[in-house]
Amino acid sequence: MWVCFALVAWAAALLTCGRLVLVGSVAAAQPAPAPAQVRGAREPALYEAAFLAGGPRRVVDVALVALARERRLLLAHTGWATVVDPGGRDPVERAVIAAAGDGGQRTIPAIRAAARSADALRDLDDGLAAAGLAVPAPIRSAVRAAVRQVRVAGLVVLGSGAAALALRPPEQEPIAGWFVLPLILVCGCLAIARVEIGEYTRWATPDGRALLATVDAADSLLTGLAVRGPDALPDPEMRAALAR
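Residues numbered from 1 in each chain as written. Predicted model: local features only at pLDDT ≥ 70, side-chain atom pairs only at ≥ 80, totals over all residues. Heavy atoms only, no water.

Colleague: Mind showing me how you'd approach the confidence of the model for the protein here?
Modeller: The predicted coordinates ought not to be read in detail in places where the model reports low pLDDT. Averaged over every residue, the pLDDT of the protein is 89; residues scoring 70 or more account for 93%. Of the regions scoring below 50 in pLDDT, residues 35-40 engages in 13 contacts with residues more than four places distant in sequence or in other chains. (pLDDT = per-residue confidence, 0-100. Contact = heavy atoms within 4.5 Å.)

Set out below in structure tokens:
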């Protein structure tokens, strides 16, 4: 019986680790953009900085706070947002307002989830990726999914080993080694992935992070929010709202 559990453990470890290696190889083989495409000669715009620092969630948070500061939207510390003025001044603001729904009121997590698929945020993502500043969305998704699968495989190995040991008759030879080896494989693969392909799970590429480093987070409240996140906000109620 324990052999079946061992086969499951080894299959889970080998398949998921193999997929992670393959995905990492494909990501590393992606061609770098031509130097003329990299916009390192200027400071990134507000939404660009927000995306490079924290992805779509940070972009939506910047738009929410910008609307709230002008009383065009109300942010409650309970995590609800209420639209007061439905007229957005740029595509991102319009996407955030539309994400609040027909009633103009929704929780902030729901607004983030709805707005991240809007054309304005996809265009921002694609433009930064084309310029070599953001990791392309397909690569991010593939690498993160592969890493998650390896982690799940680690749980499968542990569960299979525990079940096998529980069902093994006491008089049989030790079998722990059959499960320790795939567990070592999984842990080693995750450790290598963290070093070798960790770059592809971030929002910004090395060029993007270098450009982001030129942004003065103390320049304004919105710039600080874009670069450092909600902790940069002096208003505790706004921080509580965005912490949802």
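Colleague: Help me out: how do you make sense of the nonpolar core in this one?
Modeller: General note: in soluble globular proteins, nonpolar side chains tend to be found buried as a group. Ranked by internal contacts, the top residues of the largest apolar core, which has 47 residues, are Val59, Leu64, Leu73, Val92 and Val96. Here this core takes 14 residues from helix α2 (residues 46-69), the largest share from any one element. Aside from chain neighbours lying at most four places away, what touches valine 92 is Tyr47, Val59, Ala63, Ala120 and Leu121. The next biggest cluster of nonpolar side chains, apart from the first, holds 24 residues, and it includes Trp2, Val157, Val186 and Ile197. (Core = buried A, V, L, I, M, F, W, Y, C linked by side-chain atoms within 4.5 Å. Buried < 20%, exposed > 50% of the residue type's maximum accessible area, 1.4 Å probe, protein only. Helix = DSSP H or I, 4+ residues; strand = E, 2+ residues; numbered from the N terminus.)

Colleague: So what exactly am I meant to see when it comes to the sheet that holds strand β3 (residues 105-107) here?
Modeller: The pairing of strands in a sheet happens through backbone hydrogen bonds and is either parallel or antiparallel. Spatially, β1-β2-β3 is the arrangement adopted by the 3 strands of the open sheet, whose pairing is antiparallel. The two strands at the open ends of the sheet, each matched to only one other strand, are β1 (73-75) and β3. Neighbour to neighbour, the strand axes of the sheet diverge by 20 degrees on average, direction disregarded. Bridging between strand β2 (residues 80-83) and β3 involves 3 bridges; their strand directions are antiparallel. Within the sheet, the bridge partner assigned to tryptophan 80 lies in β3 and is threonine 107. Docked against the sheet, helix α4 (residues 108-115) engages β1, β2 and β3, running at close to 95 degrees with respect to β3. (Pairing = 2+ DSSP bridges. Axes fitted to C-alpha atoms, helices over the stretch in contact; angles between N-to-C directions.)

Colleague: What is the right way to look at the environment of proline 169 in this model?
Modeller: Following the sequence through the fold, proline 169 ends up in the loop between α6 (137-167) and α7 (177-196). Along the primary structure proline 169 and tryptophan 2 are separated by 167 residues, whereas in three dimensions their C-alpha atoms are 10.0 Å apart.

Colleague: For this particular structure, what's the right way to read the environment of aspartate 85?
Modeller: Within the secondary structure, aspartate 85 is located in the loop between β2 and α3 (91-99). Residue aspartate 85 is classed as partly exposed on the basis of its relative accessible area of 32%. Linking aspartate 85 and isoleucine 97, residues 12 residues apart in sequence, is a C-alpha distance of 8.8 Å. Those residues in contact with aspartate 85 that lie beyond four places of it in its chain are Arg72 and Ile97.

Colleague: Please clarify how the packing of aromatic side chains should be interpreted in this entry.
Modeller: In total, this model carries 2 aromatic pairs according to the counting rule given. Centroid distance tryptophan 2 to tryptophan 178: 5.9 Å. Interplanar angle 50 degrees. Geometry classified as tilted. On the criterion of sequence distance, the pair formed by tryptophan 2 in helix α1 (residues 2-28) and tryptophan 178 in helix α7 is long-range, its members being 176 residues apart. Residue classification places tryptophan 2 among the buried positions, given a relative accessible area of 16%. With a centroid separation of 5.5 Å and an interplanar angle of 70 degrees, the aromatic rings of phenylalanine 51 and tryptophan 203 are classed as edge-to-face. Here the residue phenylalanine 51 occupies a position in helix α2, and tryptophan 203 occupies one in the loop between α7 and α8 (206-212), the gap between them amounting to 152 residues. When sorted by exposure, phenylalanine 51 lands in the same class as tryptophan 203, which is buried. The ring of tryptophan 203 carries the charged tip of arginine 144 above its face, separated from the ring centre by 4.7 Å. (Phe/Tyr/Trp six-rings, centres within 6.5 Å; stacked < 30°, edge-to-face > 60°. Lys NZ or Arg CZ within 6 Å of the ring centre and 35° of its normal.)

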